[in-house]
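Below, each chain spelled out in residue letters.
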Amino acid sequence: MAPTLRVRIAPELRFFAAPRNRGDVVEVAYDGTATLGHVAESLGVPLTEVGALLADGVPRDPGYQPRGAATVEIRPVVRPQAAPPRFLLDVHLGKLARRLRLVGVDTAYRNDADDDELIAEAAQAHRVLLTQDRGLLQRRALWAGAYVRGSDPARQLVDVVERFAPPLAPWTRCTSCNGLLARVSKEDVEAEVEPGTRRNYDEYARCRDCERVYWRGAHSRRINAIIRSALDAHPGG
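Read on for an overview of the structure. Treat the numbers as computed from the prediction; the structure is a model and nothing was measured.

Calculation criteria
- Residues numbered from 1 in each chain as written.
- Predicted model: local features only at pLDDT ≥ 70, side-chain atom pairs only at ≥ 80, totals over all residues.
- Heavy atoms only, no water.
- Salt bridge = Lys/Arg side-chain N within 4 Å of Asp/Glu carboxyl O.
- Helix = DSSP H or I, 4+ residues; strand = E, 2+ residues; numbered from the N terminus.
- Buried < 20%, exposed > 50% of the residue type's maximum accessible area, 1.4 Å probe, protein only.
- Pairing = 2+ DSSP bridges.
- Axes fitted to C-alpha atoms, helices over the stretch in contact; angles between N-to-C directions.
- Left-handed = near helix turned anticlockwise from the far one by under 90°.
- Contact = heavy atoms within 4.5 Å.
- Nonpolar A, V, L, I, M, F, W, Y, C, P; charged D, E, K, R; others polar.
- Disulfide = S-S within 2.5 Å.
- Core = buried A, V, L, I, M, F, W, Y, C linked by side-chain atoms within 4.5 Å.
- Parallel < 35°, antiparallel > 145°, perpendicular 65-115°, else oblique.

**Observations regarding the pattern of salt bridges**
With the rule as written, the count across this model stands at 18 salt bridges. Of the charged contacts, one joins Asp-116 and Arg-139 as a salt bridge, the two residues approaching to 2.5 Å between their closest N and O atoms. Linking Asp-116 in helix H3 (residues 115-125) with Arg-139 in the loop between helix H4 (134-137) and strand S9 (145-147), this pair joins segments that are 23 residues apart in sequence. It is possible to trace a salt-bridge network through shared partners that takes in Arg-110, Asp-112, Glu-117 and Glu-121.

Right under this line is the structure:
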């Protein structure tokens, strides 16, 4: 009879596994050559989401080959996770990209990048790739990545802020292109805004890159709620 591993996947990571493998202990057939990293990924858990791998209670690196009949534990990343506060989002996370920029987080995004381009840009710019594509997170060429939890952008924003604790600086980045905003006088933008806007608002900013003009208009209450949710979720308070 082939030896087996007894694998315990942390409750926070079980949603990655197939339904049949979401119990307290999973029995995995073992050929004696697979590494702990391969075992985790074969069960559906990307290594970007793994904080520690243990074999019979001893922490091991992903390349470790356990003995047959060992008990393996797959534990989640400890939050907040130390990482560069610079992100690259895949094509399905455009709404999250705008929210991250709104709270001042350096966030690269474009809606036409394919997987290979994302992998290359993340490595070149030293950005953490955020995605909900598990296959993308298992690419060997990936420099750094993370799975974004949540189906709506509000929950996704909280998840990213809780996990990485990036410095927040609301109202400092362009939500369109990620450029930094600079305050400008009302006179400087007078020809670019509607008469009603000029009458009702006195404070303006312009993106240094794309030159888009910003002001805190009627939508500011909704935006302030988004900002407050990020500030409340931040581990630094």
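**Topic: unusual backbone geometry**
Cis geometry marks the peptide bond from Arg-79 to Pro-80, where omega comes out at -5°. Here Pro-80 shows up in the loop between strand S5 (71-76) and strand S6 (86-89). Even without being a glycine, Asn-178 presents a positive backbone phi close to 80°. Within the secondary structure layout, Asn-178 lies in the loop between helix H5 (153-164) and strand S10 (181-184). A residue is classified by how much of its surface remains accessible, and Asn-178, at 11% relative accessible area, is buried.

**With respect to the pairing of strand S8 (residues 128-131)**
The side chains of a regular strand alternate between the sheet's two faces. Neither face of S8 is exposed, since Val-128 and Leu-130 on one face and Leu-129 and Thr-131 on the opposite face are all buried. The pairing of S6 with S8 spans three bridges and is parallel. Note that in S8 the partner of Leu-88 across the bridge is Leu-129.

**Details of the sheet that holds S5**
A sheet is described by the order of its strands in space; here five strands give the open sequence S2-S1-S5-S3-S4, paired in mixed fashion. With partners counted over all chains shown, the strands left at the sheet margins are strand S2 (26-29) and strand S4 (58-60), one partner each. The mean inter-strand angle of the sheet, taken between neighbouring strand axes irrespective of direction, is 35°. Judged from the five bridges that link them, strand S3 (residues 50-55) and S5 form a sheet pairing that is antiparallel. Counterpart to Val-50 in the pairing with S5 is Pro-76.

**Looking at the packing of H5 against helix H7 (residues 220-233)**
Helix-helix packing is described using two parameters, namely the angle between the two axes and the distance between the axes. The N-to-C vectors of H5 and H7 enclose an angle of 30°; their axes lie 8 Å apart at closest approach. Between H5 and H7 the crossing geometry is right-handed. Across the interface between the two elements, Leu-157, Val-158, Val-161 and Glu-162 from H5 touch Ile-226, Ser-229, Ala-230 and Ala-233 from H7. Within the contact of H5 with H7, the residues separate by chemical class into six nonpolar, one polar and one charged.

**A word on the environment of Val-161**
Tracing the sequence through the fold places Val-161 in helix H5. With 74 residues separating them along the chain, Val-161 and Pro-235 place their C-alpha atoms 7.9 Å apart. Contacts of Val-161, omitting those with residues within four sequence positions, involve Pro-166, Ala-230, Ala-233, His-234 and Pro-235.

**Description of the state of the cysteines**
Evaluated as defined, the whole model comprises zero disulfides. Free cysteine Cys-207: the closest other cysteine sulfur is in Cys-177, separated by 3.4 Å. Between Cys-210, a cysteine without a disulfide, and Cys-207, which holds the nearest cysteine sulfur, the sulfur-to-sulfur distance is 3.7 Å. Look at Cys-210 and you get partly exposed, because its relative accessible area is 37%.

**Here we look at the nonpolar core**
Val-7, Ile-9, Leu-43, Ile-74 and Leu-129 are the most contacted members of the largest nonpolar core, which totals 32 residues. Sorting the residues of this core by element identifies strand S1 (4-9), S2, helix H1 (36-42), S3, S5, H3 and H4 as the ones contributing at least two each. Excluding anything up to four places from it in sequence, Val-7 contacts Asp-24, Val-25, Val-26, Val-28, Val-39, Leu-43, Val-72 and Ile-74. Of all hydrophobic cores here, the second largest spans 23 residues; its members include Leu-93, Val-148, Ile-223 and Ile-227.

**Some thoughts on the packing of helix H2 (residues 94-102) against H5**
As a packed pair, H2 and H5 sit with axes 9 Å apart at the nearest point and diverge in direction by 55°. On the basis of their axis angle, the class for H2 and H5 is oblique. Between H2 and H5 lies a crossing of right-handed hand. Counted together, Lys-95, Leu-96, Arg-99 and Leu-100 of H2 and Pro-153, Ala-154, Gln-156, Leu-157 and Val-160 of H5 form the full contact between these two elements. For the contact of H2 with H5, the per-class residue count stands at six nonpolar, one polar and two charged.

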